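# Secondary and tertiary structure notes
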Amino acid sequence: MEKHFDTILHTTLLTSAVLGSVYFWRRNLKRFPTANHVTPEVITRKKPLVGYVTSVGDGDNFRFYHTPGGWLTGWHWLRKIPTGQKALKDQTIHVRLAGVDAPECAHFGKPAQPYSAEALAWLRGKLLNQRVRVQLYQRDQYTRVVGMCWYWKWGIWKRNVSLEMVRVGLATVYTSAGSVYGEIEQDLLKAEKTAKSKKVGMWKLGEKYESPAAYKQRTGQATDK
């Protein structure tokens, strides 16, 4: 009888440990290959994702390879991040920076906006081949996740990318329907006001300045891109 009880107890403990490990893995260590794998449940949890930026395609969006657990689970020193277009196909999450709108690069025969090249170069310089933390807010219709991004500096997650871009005059505060700002809407507005008064970045254009939203509307592009 006692032996039978011990067997049941050990089985119960083992089952609980396995189920607990699976639960922990699913919530903390499961890798999401693309934005399509980021479910509403994941976004609702409000747990940031960490990863490695593999490409920057425009002044306000990029792709990153999700590395759950970071250094502690072997990424960058034991587990290698794929390189090359073929290896990264369907393995990166496409992110649209939350709260901001950068000047438009040339698309579909449309000319580039002034300072679009500078915005793209700035974003590439800060993020490409760097570790980032991304707080997810929502999915959009372009198979991207909208999120705030921080990049690693001096051993901590130091800089909010959206806020930094507005400060240097390479992005405006995004005001279209469905905009999300996390908890820094007032910081973004204040930064934009300061950049405009100091005439930094695209604010140097003065009367020739055209916002990204106005440009997209004038050229027949979707304003939520």
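Residues numbered from 1 in each chain as written. Predicted model: local features only at pLDDT ≥ 70, side-chain atom pairs only at ≥ 80, totals over all residues. Heavy atoms only, no water.

### With respect to the confidence of the model for the protein
Within the protein, residue pLDDT values average 87, and 84% of them lie at 70 or more. The spread of mean pLDDT over the elements of the protein runs between helix α1 (residues 2-29), the lowest at 47, and helix α5 (residues 161-167), the highest at 98. (pLDDT = per-residue confidence, 0-100. Helix = DSSP H or I, 4+ residues; strand = E, 2+ residues; numbered from the N terminus.)

### Here's the deal with the pairing of strand β6 (residues 145-153)
For β6, the buried fraction is high: 7 of the 9 residues fall into the buried class. Relative to β6, strand β3 (residues 93-97) runs parallel, the two being bridged by 3 bridges. Among the inter-strand pairings, L97 is bridged to a residue of β6, identified as G147. Pairing geometry for strand β5 (residues 131-139) and β6, over 7 bridges, is antiparallel. Along β6, the bridge assignment pairs Q138 with V146. Taking the residues that link successive antiparallel strands as the turn, the β5-β6 hairpin has 5 residues, and the phi of T143 there is positive, at about 60°. (Buried < 20%, exposed > 50% of the residue type's maximum accessible area, 1.4 Å probe, protein only. Pairing = 2+ DSSP bridges.)

### Concerning the environment of K208
Residue placement: K208 occurs in the loop between α6 (185-198) and α7 (212-218). Residue classification places K208 among the exposed residues on the basis of a relative accessible area of 75%.

### A look at α6
Turn by turn, an α-helix covers 3.6 residues, leaving residues three or four places apart pointing in a common direction. The end-to-end C-alpha distance of α6 is 20 Å, a good match for the 20 Å that 14 residues give at a rise of 1.5 Å each. Those residues of α6 that fall on the buried side of the exposure criterion are L188, A191 and A195. The buried residues of α6 occupy an angular sector of 65° when the element is viewed end-on, so they sit on one face. Along α6, exposed side chains directed more than 90 degrees from the buried face belong to Q186, K190, K193 and S197. On its buried face, α6 sits against β4 (100-101), β6, α5 and β8 (172-173). (Expected span 1.5 Å × (residues − 1). Arc of directions from axis to C-beta. Contact = heavy atoms within 4.5 Å.)

### Some details on the environment of L123
If you trace the backbone, L123 turns up in helix α4 (residues 116-127). The exposure class assigned to L123 is buried, which follows from its relative accessible area of 0%. Expressed as a C-alpha distance, the spacing of L123 and N61, which sit 62 residues apart in the sequence, is 8.7 Å. Ignoring anything within four residues of it in the chain, the contact list for L123 reads V56, D58, G59, D60, N61, L97, L128, V161 and M165.

### Regarding unusual backbone geometry
Even without being a glycine, D90 presents a positive backbone phi close to 60°. Along the chain, D90 falls in the loop between α3 (85-88) and β3. Of the residues examined, D90 reaches a relative accessible area of 52% and is grouped as exposed. For T143, which is not a glycine, the phi torsion comes out positive at approximately 60°.

### Brief notes about the nonpolar core
Counting 45 residues, the largest nonpolar core has F62 and M165 as the members making the most contacts within it. Of the residues forming this core, the biggest block, 6 residues, is contributed by β6. Each residue touching M165, except ones within four places of it in the same chain, is listed here: G59, L97, A102, A119, W122, L123, L170 and A171. (Core = buried A, V, L, I, M, F, W, Y, C linked by side-chain atoms within 4.5 Å.)

### Describing the side chain of N160
Locating N160 in the fold gives a position in strand β7 (residues 156-160). Classification of N160 as buried rests on a relative accessible area of 9%. Those residues in contact with N160 that sit more than four places away from it in its chain are M148, C149, W150 and I184.

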